[in-house]
Amino acid sequence: MKITNDIKYIGVNDHKVDLFEGQYVVPNGMSYNSYAIIDDKIAIMDTVDANFTHEWLDNIQNTLGARKPDYLIVQHMEPDHSANIVNFLKLYPNAKVVSSQKAFQMMKNFFGTDFEDRRIIVGEGSTLSLGKHNLTFVTAPMVHWPEVIVTYDATDKVLFSADGFGKFGALDVEEDWACEARRYYIGIVGKYGAQVQSLLKKASGLDISIICPLHGPVLNENLGYYINLYDIWSSYQVESEGIVIAYTSVYSNTKKAVMLLAEKLKANGCPKVVVNDLARCDMAEAVEDAFRYGKLVLATTTYNADIFPFMREFIEHLTERNYQNRTIAFIENGSWAPMATKVMKGMLENSKNLTYTDATVKIMSALNEDSSSQIESLADELSREYLARRDDTANKSDMSALFNIGYGLYVVTSNDGKKDNGLIVNTVTQVTNMPNRVAVTINKENYSHHIIKQTGKMNVNTLTIDAPFQVFEKFGFQSGRNVDKFEGCEPLRSDNGLIFLPRNINSFMSLKVEQYIDMETHGMFICSVTEARVISDRETMTYAYYHANVKPKPQVDGKKGYVCKICGYVYEGDPLPEDFICPLCKHGAVDFEKIQ
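Residues numbered from 1 in each chain as written. Predicted model: local features only at pLDDT ≥ 70, side-chain atom pairs only at ≥ 80, totals over all residues. Heavy atoms only, no water.

A separate point is the pattern of salt bridges. Counted by the stated rule, this structure contains 29 salt bridges. A salt bridge links Glu241 to Arg389; the nearest nitrogen and oxygen atoms lie 3.4 Å apart. Residue Glu241 is found in strand E16 (residues 240-247), and its partner Arg389 is found in helix H13 (residues 384-389); the two are separated by 148 residues along the sequence. We classify Glu241 as partly exposed; its relative accessible area is 21%. (Salt bridge = Lys/Arg side-chain N within 4 Å of Asp/Glu carboxyl O. Helix = DSSP H or I, 4+ residues; strand = E, 2+ residues; numbered from the N terminus. Buried < 20%, exposed > 50% of the residue type's maximum accessible area, 1.4 Å probe, protein only.)

Once that is clear, we can look at unusual backbone geometry. A cis geometry characterises the amide bond from Val143 onward to His144, with omega recorded as 5°. Note that His144 resides in the loop between strand E12 (134-139) and strand E13 (149-153). Positive phi, normally seen in glycine, also occurs at Phe115, with a value near 55°. Mapped onto the fold, Phe115 is located in the loop between helix H4 (101-111) and strand E10 (119-121).

Turning next to the state of the cysteines. Summed over all chains, the structure comprises 0 disulfides. There is no disulfide at Cys281, and the cysteine sulfur nearest it, in Cys179, is 13 Å away. (Disulfide = S-S within 2.5 Å.)

Glancing now at the nonpolar core. Grouped together as the largest cluster of nonpolar side chains are 91 residues, with contacts concentrated most on Leu296, Leu298 and Phe314. With 8 residues, the single largest contributor to this core is helix H5 (residues 177-189). Leu298 has contacts with Ala246, Met311, Phe314, Ile315, Ile328, Ala329, Phe330, Ile331, Met344 and Leu348, leaving out every residue within four places of it along the chain. The next biggest cluster of nonpolar side chains, apart from the first, holds 31 residues, and it includes Met541, Tyr546, Phe580 and Phe592. (Core = buried A, V, L, I, M, F, W, Y, C linked by side-chain atoms within 4.5 Å. Contact = heavy atoms within 4.5 Å.)

Moving on, we come to the packing of aromatic side chains. Per the counting criterion, the structure on display carries 31 aromatic pairs. With centroids separated by 4.2 Å and ring planes inclined at 25°, the aromatic side chains of Phe165 and Tyr230 adopt a geometry described as stacked. Separated by 65 residues along the polypeptide, Phe165 in the loop between strand E14 (158-160) and H5 and Tyr230 in helix H7 (residues 223-234) bring together distant segments of the chain. Of the two residues, Phe165 and Tyr230, neither departs from the other in class, the shared state being buried. Here a set of aromatic residues connected by ring pairs shows up, and it is made of Phe165, Trp177, Tyr185, Tyr225, Tyr226, Tyr230 and Trp233. Sitting over the ring of Phe104, Arg119 keeps its end group 5.6 Å from the ring centre. (Phe/Tyr/Trp six-rings, centres within 6.5 Å; stacked < 30°, edge-to-face > 60°. Lys NZ or Arg CZ within 6 Å of the ring centre and 35° of its normal.)

All right, on to the pairing of strand E26 (residues 436-443) then. Summarising burial for E26: 7 of the 8 residues are buried, a large majority. Taken together, the 5 bridges between strand E25 (residues 428-433) and E26 define a ladder with antiparallel strand orientation. Looking at E26, one finds that Asn433 is bridged to Asn436. In this antiparallel pair of consecutive strands, E25 and E26, the connection spans 2 residues. With 7 bridges joining them, E26 and strand E31 (residues 522-534) adopt antiparallel strand pairing. Residue Val438 lies in a different strand from E31, and its bridge partner there is Cys527. (Pairing = 2+ DSSP bridges.)

Below, the structure written as structure tokens:
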């Protein structure tokens, strides 16, 4: 298979494997990918599984013809990629091995030698010239082994991504990429989100047109889609709206409760309800679902003063992979001393940013009127935001939305007649309550100021503490005049026709401008409230919380000048002009501090 004029695919498909890494069911097999870069010098990228030695060596010889490879680049030492290093070097005695220091230490463990006379050790930023192709190596420790490197070919703009962007399934089978890539990522790499985030930041500085992983298809179109999913997965964000119910049931009484809850959630407009019987489903898929969706209900029996074994295994899979940033609910069953909720909550106590529902369901052997009522309450609590989003079930006069106003952070949405727009503001204030009036102050340089002054309407979305930094990048660091900030999203709209955000908010208000006050650099809009919805009871994102927990630390090492306290933009130079305006967040010189 031709990747580019000079890069060829020489990997293999495995339809004999039934369990990858001894635990993941792979009904459509696996691919073990290897590539040849053909230039003045020839580099082979990784080997394949031991069961495909001759097929792989045949692929090399058929691709190169009479030519011989000069280098074997080893990016990852798991045996499904490294098993044929010795066989390759026997066949090509003049070739050298290129890899990281840690990889050569592992070769000593696997093969009894670290090929000291034939090795080239590379690290962060090391380069290798093949002729017109210049390779740059980037370290990727713990993605997902400590020795991993990835390789960038600047000539063809190709990233050889090791296990990154891989998936289950052989290449001769057509299937949805995201489903099997998600299960692969969460099962195998999920614990190492921080390390993947670090690698994504390194990759963001590269001009990439093609991604060549060690498993799964070569990616050469719509790379933003794949990179965005990896960003979501590795930062433990919610990928899809929905609720997962994971349960075990001995005599079907817990199952009946689960099915009743699922029925009520669907009736309340939950966009997706996934029910997994942990004793019968693929455990890896159940774990995948828990990471994909934002809410998880754990339902099980008390069993030997503990919980049912399949539930214990499931929760251990979650905590091992740093499960976080989700809403959790519990259903427990017990005939004389129910304690499953206590055990499950204890297992999750070290997980970050979990929100527990107020409602918990306790079943004494079988459903009765009391426990059925508890299920009703739990369904209503879990569905609150879905009910609030729907026109037919929303309370559109819930003025308690005003109680969520503080010195917080908000996304103000508007529309210029052609496209929707949004920006971050931190100046929203209730000024009167009879009638309700709200003041919103916006910098005149922002395009939203121009739109709202013309249209006289806006929506104010109150952000919650689970809002990731990407929200602030999207709405705060670019202009809606130049980009469509809602491109690709399916909008939710209030009665005034403007967008309100589908997640990361606890309420929104639709405002009609009644008065405008010119404040020189800014404009203040005094508005009446035409609609107000409370979406959830999650905590409002305050200005202080954003700075302490969300905003990345600015990269100021070795730099001299001033850093913006709002967004981290670095102005290199001294002095900082008094009239300087931050190009990212539009704040003035007063919000800059000198780099110490």
